Amino acid sequence: MAETKFTRPTFAVKAIPSDVNNVTFFGNPVLDNLVSVVIAMGTEVWATKRRMKVMESVLAKKGVTSEMLEKYVPTAEEAAAWEKDRDRFIEMTFSALGNVGDLTASAPFPKRG
Amino acid sequence: MIGRRSLFTATGAAATALSSFFAGRAAEAKSIVKKVAGDVELRGADGRMERLGSLDLESQMDFTAGFREFNNKGISRTAAMRFQQLMKEKGMDPKAIVSFDEMHAIAGSDPIIGMSAKTWLANQQVTWKSLQDYFHANADMYLAEMEAADKDGPGSLTLDANLEIPDYTKHEIHIQPGGYVGDPFAGHMYHYGTNSFYIGAIGHNEQDQIHKGTANNIPMPADGKVKRILEVGCGLGQMSCALKERFPDAEVWATDVGAPMVRYGHMRARDLGIAVNYGQGLAEKTGFPDGHFDITVSYIMHHELPQTATRAVIAEANRVTRTGGVYYPVDFNTGGSTGPAYGMFRRWWDHRWNNEVWSREFHTLNFSDEIAKAGFTLNAKTPAALPGFGARHFVKT
Ligand SMILES: C[S@@+](CC[C@H](N)C(=O)[O-])C[C@H]1O[C@@H](n2cnc3c(N)ncnc32)[C@H](O)[C@@H]1O
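Description of the structure in this document.

1. Quick word on the overall build of chain A
- A tally of helices and strands in chain A yields three helices and zero strands.
- Counted from the first residue to the last, chain A has its helices and strands arranged as α-α-α.
- When each of the 113 residues of chain A is scored for burial, the buried share is 27%.
- Nonlocal contacts in chain A, meaning residues at least 24 apart in sequence, comprise 39% of its contacts between residues at least 6 apart.
- Counting only carbon and sulfur atoms, one obtains 62% of the accessible surface of chain A, whose full area is about 7700 Å².

2. Here's the deal with the environment of His-266 of chain B
Residues and elements named next belong to chain B.
- Locating His-266 in the fold gives a position in helix 8 (residues 259-272).
- Note: C-alpha distance between His-266 and Thr-64 (202 residues apart in sequence) is 27 Å.
- Aside from chain neighbours lying at most four places away, what touches His-266 is Ala-149, Asp-150, Asp-152, Pro-154, Gly-155, Ser-156, Leu-157 and Tyr-278.

3. What about the site of the ligand?
Residues and elements named next belong to chain B.
- Inspection of the region around the ligand gives 21 residues, with Tyr-168, His-211, Asp-256, Ala-283 and Glu-284 positioned closest.
- One nitrogen or oxygen atom from the main chain of Val-257 is found 3.2 Å from a nitrogen atom belonging to the ligand.
- Surface burial for the ligand is 99%, taken as the share of its 590 Å² of free accessible area covered by protein chains.
- The pocket occupied by the ligand, as judged from atoms lying within 2 Å of grid points, is the largest cavity.

4. Some points on empty space enclosed by the protein
Residues and elements named next belong to chain B.
- Evaluated as defined, the whole model comprises five cavities of 30 Å³ or more.
- Taken as a whole, the largest cavity spans an internal volume of roughly 430 Å³.
- Along the walls of the largest cavity sit 29 residues, with Tyr-180, Gly-233, Asp-256, Met-301 and Glu-304 positioned nearest its centre.
- Of all elements in the fold, only helix 5 (186-201) and helix 7 (238-246) reach the threshold of two or more residues within the lining of the largest cavity.
- Grouping the constituent residues of the lining of the largest cavity by class yields 18 nonpolar, seven polar and four charged.
- Its volume calculated, the second largest cavity comes out at about 230 Å³.
- Per-element tally for the lining of the second largest cavity: the top contributor is helix 8, with five residues.
- Partitioned by chemical class, the residues of the lining of the second largest cavity number ten nonpolar, three polar and eight charged.

5. Considering the pattern of salt bridges
- Here the structure, examined in full by the defined rule, presents 28 salt bridges over all chains.
- Across the salt bridge formed by Asp-294 of chain B and Arg-322 of chain B, the nearest N and O atoms sit 2.5 Å from each other. Separated by 28 residues along the polypeptide, Asp-294 of chain B in strand 8 (residues 293-299) and Arg-322 of chain B in strand 9 (residues 321-330) bring together distant segments of the chain. Accessibility classification places Asp-294 of chain B together with Arg-322 of chain B in one group, the buried group.
- Among the charged side chains, a salt-bridge network with shared partners connects Arg-50, Arg-86 and Asp-87 of chain A together with Arg-43, Arg-51, Glu-58 and Asp-62 of chain B.

6. Structural notes on the sheet that holds strand 9 of chain B
All names here are of chain B.
- Reading across from one edge, 4-7-6-5-8-9-12-11 is the order of the eight strands in this open sheet, with mixed pairing throughout. One side of each edge strand has no neighbouring strand; the edge strands of this open sheet are strand 4 (156-158) and strand 11 (376-378). Strand-to-strand twist in this sheet, taken as the mean axis angle between neighbours without regard to direction, amounts to 20 degrees.
- Note: strand 9 against strand 12 (residues 394-396), two bridges, orientation antiparallel. When the bridges of strand 12 are listed, Tyr-327 appears paired with Phe-394.

7. Quick look at a nonpolar patch on the surface
- Taken together, the side chains of Val-30, Leu-31 and Leu-34 of chain A make up a nonpolar region of the molecular surface, amounting to roughly 260 Å² of accessible area.
- Examined against the element boundaries, Val-30 of chain A turns out to sit in helix 1 (residues 29-61).

8. Observations regarding the environment of Trp-348 of chain B
All names here are of chain B.
- Examined against the element boundaries, Trp-348 turns out to sit in helix 10 (residues 341-352).
- Along the backbone, Trp-348 and Ala-250 are 98 residues apart, and their C-alpha atoms lie at a distance of 42 Å.
- In this view, Trp-348 contacts Phe-100, Met-103, His-104, Trp-353 and Arg-360; residues no more than four positions away in its chain are not counted.

9. Thoughts on the pairing of strand 9 of chain B
- The element strand 9 of chain B is largely enclosed, with a buried count of eight among its ten residues.
- As a crossover connection, the stretch from strand 8 of chain B through helix 9 (residues 307-320) of chain B into strand 9 of chain B is right-handed.

10. Side note on helix 2 (residues 100-107) of chain B
Residue and element names in this part refer to chain B.
- Among the residues of helix 2, those classed as buried are Phe-100, Met-103, Ile-106 and Ala-107. Seen from one end, helix 2 has its buried residues packed into an arc of 120 degrees, which puts them on one side. The outward face of helix 2, more than 90 degrees from its buried face, is lined by the exposed residues Asp-101 and Ala-105.
- Those residues of helix 2 that are buried lie in contact with helix 1 (55-89), strand 3 (97-99), helix 3 (111-137), helix 10 and helix 11 (359-363).

11. Here's the deal with the interface of chain B and chain A
- Taken together, the 67 residues of chain B in the interface contact 56 residues of chain A.
- Where chain B packs against chain A, one counts seven salt bridges.
- A salt bridge links Asp-62 of chain B to Arg-86 of chain A; its shortest N-O distance comes to 3.4 Å.
- Among the elements of the structure, helix 1, helix 3, helix 4 (139-150) and helix 8 of chain B are those that each provide at least two residues to the side of chain B that touches chain A.
- Top element by residues in the side of chain B that touches chain A is helix 3 of chain B. It accounts for 16 residues.

12. Digging into the nonpolar core
- Among the nonpolar cores identified, the biggest contains 106 residues, and Phe-83, Leu-131, Ile-218 and Tyr-278 of chain B are the most heavily contacted of them.
- Tallying contributions element by element places helix 3 of chain B first for this core, with eight residues.
- Discounting residues that sit within four places of it in the chain, Phe-83 of chain B has contacts with Met-103, Ile-106, Ala-107, Ile-113, Ala-341, Tyr-342 and Phe-345 of chain B.
- Formed by 14 residues, the second largest nonpolar core is a distinct cluster that contains Phe-26, Phe-89 and Phe-94 of chain A together with Met-115 of chain B.

Rules used throughout
Residues numbered from 1 in each chain as written. Chains lettered and ligands numbered in written order. Predicted model: local features only at pLDDT ≥ 70, side-chain atom pairs only at ≥ 80, totals over all residues. Heavy atoms only, no water. Helix = DSSP H or I, 4+ residues; strand = E, 2+ residues; numbered from the N terminus. Buried < 20%, exposed > 50% of the residue type's maximum accessible area, 1.4 Å probe, protein only. Contact = heavy atoms within 4.5 Å. Areas by Shrake-Rupley, 256 points an atom, 1.4 Å probe, with all protein chains shown as cover. Near = heavy atom within 4 Å. Polar contact = N/O pair within 3.5 Å; in protein donor to acceptor, adjacent residues only side chain to side chain. 1 Å grid on protein atoms, 1.4 Å probe; cavity = no way out; pocket = protein on both sides within 12 Å on 5 of 7 lines; lining within 4 Å. Sits in = over half its atoms within 2 Å of the grid points. Points joined across faces, edges and corners; volume = space filled by probe spheres on them. Nonpolar A, V, L, I, M, F, W, Y, C, P; charged D, E, K, R; others polar. Salt bridge = Lys/Arg side-chain N within 4 Å of Asp/Glu carboxyl O. Pairing = 2+ DSSP bridges. Axes fitted to C-alpha atoms, helices over the stretch in contact; angles between N-to-C directions. Patch = residues over 30% accessible without salt bridge, like charges linked within 9 Å, V, L, I, M, F, W, Y side chains within 5 Å. Right-handed = clockwise from strand over helix to strand, strands pointing away. Arc of directions from axis to C-beta. Core = buried A, V, L, I, M, F, W, Y, C linked by side-chain atoms within 4.5 Å.

Nothing here speaks to function; it is all geometry.
Okay, here's the thing in structure tokens:
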């Protein structure tokens, strides 16, 4: 996308690119890449879910046209409910990132009574 | 008080409520954006905020705003605890104040700590890429919209095709693709991108609430005379709009090195019916006459400048501000080359990997001392115009 051919004046000059795609925080670039994939996927999944919410709301009111979907503005109650659901979704999808796996696969059970 | 790097960066205030884009709606959710010739407004406007051009893009921004907060509150906390654990293992006080080098030695390549940075940055990249993809896919329509606005008013726009753009301004700060000068939609992207950044840091800004609050707190010159105001590094000009709304009889001038930034800014101000004069230009060489302005401001520009440029900009502000006039460069508090380990980690990757190229130079400077050295007097009694940021009410003496 960044290679877009513009047909009108852009008033832009060449920028100095960042090297953020070269960093590895996990010592294995594949792991870094997987995390990027997961975040991007989360964004797309949420966009889809949210569109469906809009559709449901619109459907509940009248028939469906795409213009109606695009222009739909949620009520304050809907916005609050969706927000809550968004955060549940984020929690559900990403909370595993907070896990600290410090036991090897062969680790025995800790001492139990 | 919020963390000093918290605005566009990693240390968002943990106490802010989770919120979505819609929470920033104008109370009545009615558009106050004027319908003008050539205007592209596919999905209406919400107060002074034009809605993004597609529902999917709006939802993508909703996600990234939410994830940003989740990162600040959840994943980051785990990383902070991991730091404490590692420090204890090394026999250190977990609350010890450390330098960047000491922090690196503790963190090593610990994956738990790394996860907090990686997810934040990946989310930031998705924010920018979603916006850039959309505007590039619809480039002709949005470029034509700006072309129609370029020569229209109220307000004006001056571009300078011969401006020598310094290299230090060409970096992709905050990893925004193309930075401020390299993408024709830099202003569009910055506007919608920073909306989501603000939500996770100091509150909603879709209606320019933060800029308006700050503009309203800028102190008046003692003689009460405000005929001309200048904002340098204006970006898309939210501060200059807010200043014009506060001082409707004053001439407001606003400049930025990035042509795409001021083009978008001018178009937006025009749509809002606010008469600001935007221009592409350098803050260190404005071209205005000596003592021309009653108030000179900037808003979070200096932490993105090398020290040499900051000094040159202050000198220029001193030249163009009249005696008795006010100089108010809003920016972060400076200082702090040491801190608690986790805070230093965030500061590090924000600088290095969120590409805040010049932030370390800014933070090792005593910004207020530099301004005082240039011939301004600090009024130390005035509270910060933007709470949590530096209190920098200077008067030209
Ligand atoms: C973080 S942005 C702040 C923009 C705006 N003031 C706002 O309220 O969001 C910093 C801005 O400073 C501009 N800038 C950086 N160096 C500059 C210079 N030497 N002269 C003019 N503008 C500059 C950038 O192009 C960018 O738009």
